[in-house]
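# Notes for the structure review
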Amino acid sequence: MAGMKKPESIVQTAGYCGGCGHGIIQRLIAESVEELGIAEKTIAVVDIACAYWSLDALNFDGIAGPHGRCASVATGIKKVRPDANVYVHAGDGCSYVIGLAETCFAAARDIPITMIVVNNGIFGMTGGQLCLATTLEGDWTVSSVKGRNVEDTGKPFDVLQMLKSMDIEFAARGAVYDAKHIRELKKYIKKGFENQRDKKGFSIIEVLSPCPTNWKMTPVQAMEKIKDETEKIFPTGVFVDRGGAK
Amino acid sequence: MAKKKALTNVELCKGCRLCVGACPVGAIEALMQVNKKGYEIIRVDEDKCIGCGNCYTMCPDYVFSIEEV
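Predicted model only: the values in this text are computed from it and were never measured.

### Concerning the overall build of chain B
- Within chain B, the secondary structure is distributed over two helices and four strands.
- Here the C-alpha atoms of chain B give a radius of gyration of 11 Å, agreeing with the 11 Å that 2.2 N^0.38 yields for 69 residues.
- Buried positions account for 39% of the 69 residues belonging to chain B.
- For chain B, restricting intrachain contacts to residue pairs at least 6 apart in sequence, the fraction spanning at least 24 positions comes to 62%.

Laid out in structure tokens, this is it:
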């Protein structure tokens, strides 16, 4: 193990809240891209939400698409620049609620992009509203003040299980609650980029991440909640692996 | 073999305290002192530090770097 230092691609600090998982994910992206030596041809697609900060922090070329349409924007970039390394860094509100159709059809077309979805179980940037796909049953949010009621809003659902039925290259879920899981998550993210480098297919990596500000918890409590509650509903691990990059 | 130690740049710290729990030897101490941004910072006890890199892995704000000293 050589020395560990902040990756060179991270040029300034981002405005994430203290204890936010986005900072860790952003570093894993920067490390993976630098290790593969593809920083020059990397194009980031971010969503208009908390992930937008990474445009400021990273010195890759980047674009922020219309809210929720990250997968479509990335598809367009990949079609006109097939050699570029296109990745999406977006949240669950973007990819699983407003942009579910875009995510599904990018997967159905098996476009060789790497999609990194931050599952924090809430709409973070807009102030903590209920996210239909990922807020757990009974959880408090500003739009479900008595806890999520399954009769009114349905149950959370596992998008990776849904995408499993499609012919995609790689789907995996990682978490950021301890160092072991972060190292595992980095392998998934790197694999996503390698699949793209080798012109394989659609890779999606979901990350269970905390939102201490909107969960009204301390960062340490938020990490414990992921470990004890969220991971039971959304299990981590590899869901689809078609072979891909070696 | 040169030993590795965790060096810190506490000006980047946002006071989340995730590193305190991630350290396997309890070398990171949470302080009440604040940095320029107004967040409560941490301090690494150099004698206890084994340079494992868990704090670097866990920190969302790039406070730590693991270097040979």
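### Section: helix 1 (residues 21–36) of chain A
All names here are of chain A.
- Taking 1.5 Å of rise per residue, the 16 residues of helix 1 would be expected to cover 22 Å, and the 23 Å separating its terminal C-alpha atoms lies within 8% of that figure.
- Within helix 1, twelve of the 16 residues are buried, which leaves the element mostly enclosed by the surrounding structure.
- Of all the positions in helix 1, only Gly21, His22, Gly23, Ile24, Ile25, Gln26, Arg27, Leu28, Ile29, Ala30, Ser32 and Val33 are classed as buried.
- Tucked into the core, helix 1 has its buried residues touching strand 1 (42–46), helix 2 (53–57), strand 3 (85–91), strand 4 (114–119), helix 8 (179–197) and strand 6 (203–208).
- A positive backbone phi angle near 65° is found at glycine 37, which sits one or two residues after helix 1.

### So, the packing of helix 3 (residues 70–80) of chain A against helix 5 (residues 100–108) of chain A
All names here are of chain A.
- Across the interface, helix 3 lies against helix 5 with an axial gap of 7 Å and an inter-helix angle of 35°. Residues Ala71, Ser72 and Thr75 of helix 3 form the contact with helix 5, whose own contacting residues are Glu102, Thr103 and Ala106.
- For the contact of helix 3 with helix 5, a count of residues per class yields two nonpolar, three polar and one charged.

### Some thoughts on the nonpolar core
- Among the nonpolar cores identified, the biggest contains 90 residues, and Val88(A), Ile113(A), Ile116(A), Val207(A), Cys19(B), Cys55(B) and Cys59(B) are the most heavily contacted of them.
- Among the elements that take part in this core, helix 1 of chain A stands out by supplying six residues, more than any other.
- In this structure Ile116(A) touches Ile25(A), Ile29(A), Tyr87(A), Val88(A), His89(A), Ile189(A), Ile205(A) and Val207(A), once residues within four positions along its chain are discounted.

### Some thoughts on the interface of chain B and chain A
- Counting residues at the interface gives 21 residues for chain B, matched by 22 residues for chain A.
- At the level of secondary structure, the elements contributing two or more residues to the side of chain B that touches chain A comprise helix 1 (18–22), helix 2 (54–58) and strand 4 (64–68) of chain B.
- Among the residues forming the side of chain B that touches chain A, the class breakdown is ten nonpolar, six polar and five charged.

### A look at the sheet that holds strand 2 (residues 61–64) of chain A
Residue and element names in this part refer to chain A.
- Pairing is mixed across the open sheet formed by seven strands, whose spatial order is 2-1-3-4-6-5-7. Each edge of the open sheet is held by one strand with a lone partner, namely strand 2 and strand 7 (237–241). Taking the axes of each pair of neighbouring strands and ignoring which way they run, one obtains an average angle of 15° across the sheet.
- Both strand 4 and strand 6 contribute to a ladder of six bridges, which runs parallel.

### Focus: unusual backbone geometry
All names here are of chain B.
- Here arginine 17, not a glycine, exhibits a phi torsion of approximately 70°, which is positive.
- Within the secondary structure, arginine 17 sits in the loop between strand 1 (4–8) and helix 1.
- Positioned with a positive phi, tyrosine 62 is a non-glycine residue whose angle comes to about 60°.
- Accessibility expressed as a C-beta count within 10 Å gives 22 for tyrosine 62, which makes it buried.

### As for the pairing of strand 3 (residues 40–44) of chain B
- In this sheet, strand 3 of chain B lies alongside strand 2 (residues 28–34) of chain B in antiparallel orientation, the contact comprising four bridges. Pairing of Glu29(B) across the sheet is with Arg43(B), part of strand 3 of chain B.

Conventions we followed
- Residues numbered from 1 in each chain as written.
- Chains lettered and ligands numbered in written order.
- Predicted model: local features only at pLDDT ≥ 70, side-chain atom pairs only at ≥ 80, totals over all residues.
- Helix = DSSP H or I, 4+ residues; strand = E, 2+ residues; numbered from the N terminus.
- Rg over C-alpha atoms; globule rule 2.2 N^0.38 Å.
- Buried ≥ 20, exposed ≤ 12 C-beta atoms within 10 Å, placed from the backbone.
- Contact = placed C-beta atoms within 7 Å.
- Expected span 1.5 Å × (residues − 1).
- Axes fitted to C-alpha atoms, helices over the stretch in contact; angles between N-to-C directions.
- Nonpolar A, V, L, I, M, F, W, Y, C, P; charged D, E, K, R; others polar.
- Core = buried A, V, L, I, M, F, W, Y, C linked by C-beta atoms within 7 Å.
- Pairing = 2+ DSSP bridges.

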